[in-house]
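So the chains spell out like this:
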Amino acid sequence: HFQAAAKYDPDDPYASRMLGWLAFLDGPPADALTHYRQADADDPYSAKLNYQMGLALAKLERWPDAVERLRQSVTIDPQGMQAMVMLSQALRQSSQLEESIAYAKKAAQLSGYQEPEVVVNLSDSYAAAGQWNEAIQAAEKGLAAAQSHRPRMVPQLRQRLDDYRNRRGKER
């Protein structure tokens, strides 16, 4: 259906974006980018499309390109928490650690420190920068959120917290 829609209504970016998402989920991310580029030609100011392109670029480990698209997504939608999380991760992969922390912190604030995955991203950003006290504090908040909202994450977060504490102890 989406292929037919893209063929017969090439000016509507929805079908191309959906083909890109399906390719992202089940196929090579490069195929997703092909569809996303078609959609981008008709709708370049879409936060969702830029976010999805950033995801595909990150999957390809094209970090500078992913950062660019994710920045665009956050610029368009300054409340886009998931785009901020992914931008933080891409910046961390690009060794831009202070900026990674800034976006991770803003995303955690937007979540009210209630989304464990978002708060854990903040702790990971602090840890990548060697800021162990802050990483531990964020991991503790992530653990508290997980106990309330995602109990399955609790063992993993306890392990991460122990790891951060051990690393802090070794650097002292």
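Above this note sits the structure.
Residues numbered from 1 in each chain as written. Predicted model: local features only at pLDDT ≥ 70, side-chain atom pairs only at ≥ 80, totals over all residues. Heavy atoms only, no water.

A. The side chain of Ser100, seen in detail. Note on placement: Ser100 falls in helix α7 (residues 97-110). Within the local environment of Ser100, its side chain forms a polar contact with the side chain of Ser125, the two groups lying 3.0 Å apart. If we ignore the near neighbours within four places in the chain, the residues touching Ser100 are Ser88, Leu91, Arg92 and Ser125. (Helix = DSSP H or I, 4+ residues; strand = E, 2+ residues; numbered from the N terminus. Polar contact = N/O pair within 3.5 Å; in protein donor to acceptor, adjacent residues only side chain to side chain. Contact = heavy atoms within 4.5 Å.)

B. Highlighting the packing of helix α4 (residues 47-59) against helix α5 (residues 63-76). Orientation of α4 relative to α5, taken along the N-to-C sense of each, is 160°, at an axis distance of 8 Å. One way to sum up the angle between α4 and α5 is to call them roughly antiparallel. Of the two elements, α4 crosses α5, and the hand of that crossing is left-handed. Residues Ala47, Asn50, Tyr51, Met53, Gly54, Leu57 and Ala58 of α4 form the contact with α5, whose own contacting residues are Trp63, Asp65, Ala66, Arg69, Leu70, Gln72, Ser73 and Ile76. Residues of the contact of α4 with α5, tallied by class, amount to nine nonpolar, four polar and two charged. (Axes fitted to C-alpha atoms, helices over the stretch in contact; angles between N-to-C directions. Parallel < 35°, antiparallel > 145°, perpendicular 65-115°, else oblique. Left-handed = near helix turned anticlockwise from the far one by under 90°. Nonpolar A, V, L, I, M, F, W, Y, C, P; charged D, E, K, R; others polar.)

C. Highlighting the packing of helix α6 (residues 81-93) against helix α8 (residues 116-128). In the contact formed by α6 and α8, the axes pass within 10 Å of each other and the chain directions differ by 20°. The orientation of α6 relative to α8 falls into the category roughly parallel. Once α6 is placed against α8, the crossing between them reads as left-handed. Contacts from Met81, Gln82, Val85, Ser88, Gln89 and Arg92 of α6 reach α8 at Val118, Asn121, Asp124, Ser125 and Ala128. Grouping the amino acids of the contact of α6 with α8 by side-chain chemistry returns four nonpolar, five polar and two charged.

D. The arrangement of the packing of aromatic side chains in detail. Taken as a whole and assessed by the stated rule, the structure comprises one aromatic pair. Consider the rings of Trp132 and Tyr164, whose centres lie 5.8 Å apart with planes at 45°: the pair is tilted. In this pair, Trp132 sits in helix α9 (residues 132-149) while Tyr164 sits in helix α10 (residues 154-171), placing the two residues 32 residues apart along the sequence. Among the residues examined, Trp132 registers a relative accessible area of 8% and is labelled buried. (Phe/Tyr/Trp six-rings, centres within 6.5 Å; stacked < 30°, edge-to-face > 60°. Buried < 20%, exposed > 50% of the residue type's maximum accessible area, 1.4 Å probe, protein only.)

E. Region of interest: unusual backbone geometry. Look at Glu61: it is not a glycine, yet its phi comes out positive at around 60°. For Glu61, the location among the structural elements is in the loop between α4 and α5. Residue Tyr113 is not a glycine yet carries a positive backbone phi of 55°. Inspection of the secondary structure puts Tyr113 in the loop between α7 and α8. Looking at Tyr113, the relative accessible area reads 23%, which means it is partly exposed.

F. Region of the structure containing α9. An ideal rise of 1.5 Å per residue puts 26 Å on 18 residues; α9 measures up with 25 Å between its terminal C-alpha atoms. Of the positions making up α9, those classed as buried are Trp132, Ala135, Ile136, Ala138, Ala139, Gly142, Leu143, Ala145 and Ala146. Considering only its buried residues, α9 is in contact with α8 and α10. (Expected span 1.5 Å × (residues − 1).)

Purely spatial values, then, with no claim about function.
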